[in-house]
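Here are the chains, one letter per residue:
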Amino acid sequence: MKLAGLKSIENAHDESIWAVTWVPATETRQSLLLTGSLDESVKLWKPDELHNQGTNTGHCLGVVSVAAHPSGVIAASASLDSFIRVFDVDTNSTIATLESPPSEVWQMQFDPRGINLAVAGGGSAAVKIWDTATWELIATLIVPRPEGSKPSDKSGSGKFVLSVAWSPDGKRLACGCMDGTISVFDVSRAKFLHHLEGHFMPVRSLVYSPVDTRVLFTGSDDSHIHMYDAEGKSMVGAMSGHASWVLSVDVSPDGAALATGSSDRTVRLWDLKMRAAVQTMSNHTDQVWGVAFRPPGGTGVRAGRLASVSDDKSISLYDYS
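Read on for an overview of the structure. (Residues numbered from 1 in each chain as written. Predicted model: local features only at pLDDT ≥ 70, side-chain atom pairs only at ≥ 80, totals over all residues. Heavy atoms only, no water.)

Among the structural elements, L61 can be located in the loop between strand 5 (52-56) and strand 6 (63-68). Between the C-alpha atoms of L61 and D81, which are 20 residues apart in sequence, the distance is 5.2 Å. Ignoring anything within four residues of it in the chain, the contact list for L61 reads E40, S79, L80 and D81. (Helix = DSSP H or I, 4+ residues; strand = E, 2+ residues; numbered from the N terminus. Contact = heavy atoms within 4.5 Å.)

Moving on, we get to the sheet that holds strand 25 (residues 276-281). Taken together, the 4 strands give an open sheet; going across it, the order is 22-23-24-25, and neighbouring strands pair in antiparallel fashion. Two strands in the sheet have a free side with no partner beyond their single neighbour: strand 22 (246-251) and strand 25. Strand-to-strand twist of the sheet, defined as the mean angle between neighbouring strand axes without regard to direction, takes the value 25°. Of the strand pairs in this sheet, strand 23 (residues 257-262) and strand 24 (residues 267-271) are connected by 5 bridges, and their pairing is antiparallel. When the sheet's bridge partners are listed, A257 is paired in strand 24 with D271. (Pairing = 2+ DSSP bridges. Axes fitted to C-alpha atoms, helices over the stretch in contact; angles between N-to-C directions.)

This paragraph deals with the sheet that holds strand 19 (residues 215-220). The strand order across the open sheet formed by 4 strands is 18-19-20-21, and the pairing between neighbours is antiparallel. The open sheet is flanked by strand 18 (203-208) and strand 21 (234-240), the only strands paired with a single partner. Taken pair by pair, the neighbouring strands of this sheet meet at an average axis angle of 20°, ignoring direction.

A full pass over the atoms with the stated rule returns 10 salt bridges. With its nearest N and O atoms 3.6 Å apart, the salt bridge here joins D186 to R172. Within this pair, whereas D186 is found in strand 16 (residues 182-186), its partner R172 is found in strand 15 (residues 172-177), the two being separated by 14 residues in sequence. Note on accessibility: D186 and R172 belong to one class, buried. Linked through salt bridges whose partners overlap, the residues forming this network are R172, D186, R189 and E231. (Salt bridge = Lys/Arg side-chain N within 4 Å of Asp/Glu carboxyl O. Buried < 20%, exposed > 50% of the residue type's maximum accessible area, 1.4 Å probe, protein only.)

Once that is clear, we can look at the side chain of T35. Locating T35 in the fold gives a position in strand 3 (residues 32-37). A relative accessible area of 0% means that T35 is categorised as buried. Side chain to side chain, T35 and W45 meet in a polar contact 2.9 Å long. Ignoring anything within four residues of it in the chain, the contact list for T35 reads H13, I17, A19, V20, S41, V42, K43, W45, V66, V309 and I315. (Polar contact = N/O pair within 3.5 Å; in protein donor to acceptor, adjacent residues only side chain to side chain.)

If you look at the biggest cluster of nonpolar residues, it comprises 16 residues, and the most contacted ones within it are I84, V86, L98, M108, L117, V119 and W135. Here this core takes 3 residues from strand 7 (residues 74-79), the largest share from any one element. If we ignore the near neighbours within four places in the chain, the residues touching I84 are A76, S77, A78, A96, T97, L98, V105, M108, L117 and V119. In terms of nonpolar packing, the next biggest core, distinct from the first, is built from 15 residues, A118, L141, V164 and W166 among them. (Core = buried A, V, L, I, M, F, W, Y, C linked by side-chain atoms within 4.5 Å.)

In structure tokens form, the structure reads like this:
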């Protein structure tokens, strides 16, 4: 497995780029890259030339997360202004605007079937689930207090929820917290199952393996990447190599590799069989807030592809083979 630098674009946004995802291909359009920035805008990009396909405004503070519906037809952007804007990818028309209290909108992700949108609820110590047919809030999954804590603890539950990930079958939802714990929920029953422990600093990104619904990968400010058996509650592997915070993790569609972005300004590719970094890319000059593998599908798609975005306002594209 190897990454080959394909294209980089400087000043893709006017400010730091904090979020990136791929919009799946449709019958009439190839996949697109979607980015969100501190400059309050969301941009769509053609995946080969990085030509700007459109700029969406509408937020009044920086965009912290972007998510694409598996159909490729709609997408969503979440901002520090506490609003989530759901929009039509091709027309940019607003489909819904979801409002939350201040500091309660962070990372978000559509479930694999596109029925629900999960939103990391920050200071609410919860994950909010929105129905994508009605755009109504249908569930609030509360992250419980850690065992042994006293109700008088000033920190409240101590759970500030930063990140979310759906299992490939849509039955489980995991979230990462500021204190380093990861919580796993049974979505259909809206039931908390257990915590996964091992990190002691914020978990800003996590992702399930596309080939094994039990395996969860996490990245933390402690500079480590962990592999968990999310059902068995056990850590099954740990990888280190970044010199600073791990800000983003994503797994390749074949489940064989992991990509990470870090505040050490690098993107690393990890071989999951070897459980080791096999490549380090140093395209960026500032911390790398997002890495994303392109999902499979679409006509004329050759190699796999990875995108990364950074505080340096640039986007980098890599072929993955």
